[in-house]
Amino acid sequence: MQKITIAIDGYSSTGKSTIAKQIAKELGYIYVDSGAMYRAVTYYALQNGFISKEEFNVSNFIKQLPNITLKFKFNPELGFAEMYLNNKNVEHDIRTMEVSSFVSAVAAVPEVRLQLVKQQQKMGKEKGIVMDGRDIGTVVFPDAELKIFMTASPEIRAKRRFDELIKRGDEIEFEDVLKNVQERDYIDSHREDSPLIKAEDAIEIDNSNLTLEEQYQKIMHLVTMTLESFE
Ligand code: DC
């Protein structure tokens, strides 16, 4: 059967990665969380002192880009690939509020985007891939056979992220998570390089009032129709 490329874009905490993982598993495709790559680069910048509360030293930081190696390694116990930064598993470290607070600023740097987009395109060369992010259907894979654009209200998204962070033991206030979601929405959709916009040929799904199962069925239906159109 012909393999396709599935691009899933949308605002933060719309559940893109949850659904992308499920679809990839069902189809036996590779799943790539492109946000994890921007998060890992941000984590590196924080760890190595390029970002402080006062400033982000962009010009020095971009000189470091060749020293950053990102790899996804499949963890069979978890059923998905975890993010490795310079051979260290950073899957947990990249999901903190600190990284979330700075990642949009790092992701707005054109040199960072150029490098990560190149790596993402390489991973999708053979098709058979589900990738989620902000610019997958517009920049990374403009020819993807299926493009989905996910939305949900900021309050619902913040509640989902808040529940996730509490579950893993982080001490956090709901208001701070909501503020972070709104700030990232703004920066991600207003940056000059590859802003978050819906690709013209993307199908929009507002999942504010959908259960995970309803959402899965809806998207799998689109996947099936797309695959059938190539038979
Ligand atoms: O999907 P996420 O929330 O983990 O992504 C973290 C940040 O990375 C997000 O605020 C914007 C940025 N990002 C991006 O600019 N382009 C992508 N393809 C994926 C993520």
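What you see is a predicted model, and the numbers here were worked out from it, not measured in a lab. (Residues numbered from 1 in each chain as written. Predicted model: local features only at pLDDT ≥ 70, side-chain atom pairs only at ≥ 80, totals over all residues. Heavy atoms only, no water.)

### With respect to the site of the ligand
At step 1: As a structural note, the neighbourhood of the ligand is formed by 15 residues, with Arg39, Arg113, Asp135, Asp188 and Arg191 the closest of them.
At step 2: One of the side-chain nitrogen or oxygen atoms of Arg113 is found 2.8 Å away from an oxygen atom of the ligand.
At step 3: The contact in question runs from an oxygen atom of the ligand to an N or O atom on the side chain of Asp188, over 2.9 Å.
At step 4: The fraction of the free accessible surface of the ligand (450 Å²) that becomes covered by protein chains is 97%.
At step 5: Elements that contribute at least two residues to the shell around the ligand include exactly α2 (34–47), α4 (97–107) and α8 (174–190).
At step 6: In terms of residue count, the dominant contributor to the shell around the ligand is α2 (four residues).
At step 7: The class makeup of the residues in the shell around the ligand is four nonpolar, four polar and seven charged. (Near = heavy atom within 4 Å. Polar contact = N/O pair within 3.5 Å; in protein donor to acceptor, adjacent residues only side chain to side chain. Areas by Shrake-Rupley, 256 points an atom, 1.4 Å probe, with all protein chains shown as cover. Helix = DSSP H or I, 4+ residues; strand = E, 2+ residues; numbered from the N terminus. Nonpolar A, V, L, I, M, F, W, Y, C, P; charged D, E, K, R; others polar.)

### Side note on α2
At step 1: With 14 residues, α2 ought to run about 20 Å at 1.5 Å a step, and its terminal C-alpha atoms sit 20 Å apart, in line with that.
At step 2: Within the span of α2, buried status applies to Ser34, Ala36, Met37, Tyr38, Arg39, Ala40, Val41, Thr42, Tyr43, Tyr44, Ala45 and Leu46.
At step 3: Sitting at the amino-terminal end of α2 is Asp33, which places a side-chain oxygen 3.1 Å from the backbone nitrogen of Gly35.
At step 4: Of the residues one or two after α2, Gly49 is the one with positive phi, at around 75 degrees. (Expected span 1.5 Å × (residues − 1). Buried < 20%, exposed > 50% of the residue type's maximum accessible area, 1.4 Å probe, protein only.)

### Examining the packing of aromatic side chains
At step 1: Counted under the stated rule, the structure contains five aromatic pairs.
At step 2: When the centroid spacing of 5.5 Å and the interplanar angle of 55 degrees are considered together, the rings of Phe50 and Phe61 count as tilted. Pair noted here: Phe50 is in the loop between α2 and α3 (58–64) and Phe61 is in helix α3, with a separation of 11 residues, a long-range link. Grouping residues by exposure puts Phe50 and Phe61 together as buried.
At step 3: Seen in terms of ring centroids, Phe56 and Phe61 are 5.9 Å apart; in terms of plane orientation they differ by 55 degrees. Their pairing is tilted. (Phe/Tyr/Trp six-rings, centres within 6.5 Å; stacked < 30°, edge-to-face > 60°.)

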